[in-house]
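What follows is the residue order along each chain.
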Amino acid sequence: MDVGENTIELRSFKSRKNRASLYRSESGLLVKKSFTSRAAFEREREVYLLLRETSLAAPRLLGVGENVLWLSYIEGATLLEALEEQESRGEADFEIWCALARWLKNFFTATRMIMLDVNLNNFIYNPQSGILYGLDFEECAQGDLIECAAALTAFVKLYNPELSRVKMQAAAFLRESFLANDGDGAEFDALELKKIEELRRRRQAKRG
């Protein structure tokens, strides 16, 4: 039976480029992701097939259609929601940010790729299990892990409100985790500053 048969659409997820929706099937909840780009579809399918051979926490690939992936549904909060909750408490959660650094390191080890889109909505944390999941792999490529990490801390620092105490804590936890044992702090800081400047230029250009 096709994985998409006998399903009921429950709701859509916010997506900048594609369409992602939550469905209920006879076997449970699943996500249908429809791509506008064939290249992005093929790239993400390739990554999910690679991840089948690993223990990395990510949605399971359940089925493939024409520019469509069917994926298992992951329960939990996005890391952007977690960051906003930490802002309301006034304290960053060390464990969550260290878990994110571990996940990205393990992803790089397993695939030799980095995530070019380090949007915090691309990560889900389940507080009941304590597991962090990565998703949305259409923008992945071979690259430098420290450059990816610096882009991530730049994004974290510039989420609104920019450079808050909590965001600086979270970025510091990430930096510490990525540089543990063998990292070059000066190189990391220079890359992060470059990424911050790039982000601010892009945002300024969008505002006109």
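Residues numbered from 1 in each chain as written. Predicted model: local features only at pLDDT ≥ 70, side-chain atom pairs only at ≥ 80, totals over all residues. Heavy atoms only, no water.

**Student:** Sorry, what's going on with the sheet that holds strand S3 (residues 28–34) here?
**Tutor:** The strands that make up a sheet are held in pairs by hydrogen bonds between backbone atoms, and each pair lies either parallel or antiparallel. With antiparallel pairing, five strands are arranged side by side in an open sheet as S1-S2-S3-S5-S4. The open sheet has two edge strands, strand S1 (8–13) and strand S4 (61–65), and neither has a second partner. On average, adjacent strands in this sheet sit at an angle of 25° to one another, irrespective of strand direction. Both strand S2 (residues 19–25) and S3 contribute to a ladder of seven bridges, which runs antiparallel. Looking at S3, one finds that Ala20 is bridged to Lys33. Contacts from helix H1 (residues 38–51) reach S3, S4 and strand S5 (68–72) within the one sheet, and its direction differs from that of S5 by about 35°. (Pairing = 2+ DSSP bridges. Helix = DSSP H or I, 4+ residues; strand = E, 2+ residues; numbered from the N terminus. Axes fitted to C-alpha atoms, helices over the stretch in contact; angles between N-to-C directions. Contact = heavy atoms within 4.5 Å.)

**Student:** What exactly am I supposed to notice about the state of the cysteines here?
**Tutor:** Under the criterion given, the structure shown has zero disulfides. The closest cysteine sulfur to the non-disulfide-bonded Cys148 is located on Cys140, 8.9 Å from its own sulfur. Given the relative accessible area of 5%, Cys148 is considered buried. (Disulfide = S-S within 2.5 Å. Buried < 20%, exposed > 50% of the residue type's maximum accessible area, 1.4 Å probe, protein only.)

**Student:** Explain the packing of helix H3 (residues 94–111) against helix H4 (residues 145–158) to me, please; I cannot follow it from the model alone.
**Tutor:** For any two helices packed against each other, the geometry is given by the interaxial angle and the distance between the axes. In contact at an axis separation of 11 Å, H3 and H4 are set at 150° when each is read in the N-to-C sense. Judged by the angle between their axes, H3 and H4 are roughly antiparallel. At the point where H3 passes H4, the crossing takes the right-handed sense. In contact with Trp97, Leu100, Leu104, Lys105 and Phe108 of H3, H4 contributes Leu145, Leu152 and Val156. (Parallel < 35°, antiparallel > 145°, perpendicular 65-115°, else oblique. Left-handed = near helix turned anticlockwise from the far one by under 90°.)

**Student:** Could you clarify how one ought to interpret the environment of Glu84 in this entry?
**Tutor:** Along the chain, Glu84 falls in helix H2 (residues 79–89). Taking the C-alpha atoms as reference points, Glu84 and Phe137, separated by 53 residues in sequence, lie 24 Å from one another.

**Student:** Just to check I follow, could you spell out the packing of aromatic side chains for this structure?
**Tutor:** Within the structure shown, the criterion is met by nine aromatic pairs. Each ring, one from Tyr23 and one from Trp70, has its centre 5.2 Å from the other, and the planes form 70°; the classification is edge-to-face. Here Tyr23, found in strand S2, pairs with Trp70, found in strand S5; they are 47 residues apart in sequence, far enough to count as distant. For the pair Tyr23 and Trp70, a shared accessibility class is recorded, and that class is buried. Residues Trp103 and Phe123 carry aromatic rings whose centres are separated by 5.8 Å and whose planes lie at 80° to one another, so their mutual orientation is edge-to-face. You can see Trp103 sitting in helix H3 and its partner Phe123 sitting in strand S8 (residues 123–126), a full 20 residues away along the chain. Judged by relative accessible area, Trp103 falls into the buried class, the value being 4%. Residue class for Phe123 comes out buried when judged on its relative accessible area of 0%. (Phe/Tyr/Trp six-rings, centres within 6.5 Å; stacked < 30°, edge-to-face > 60°.)

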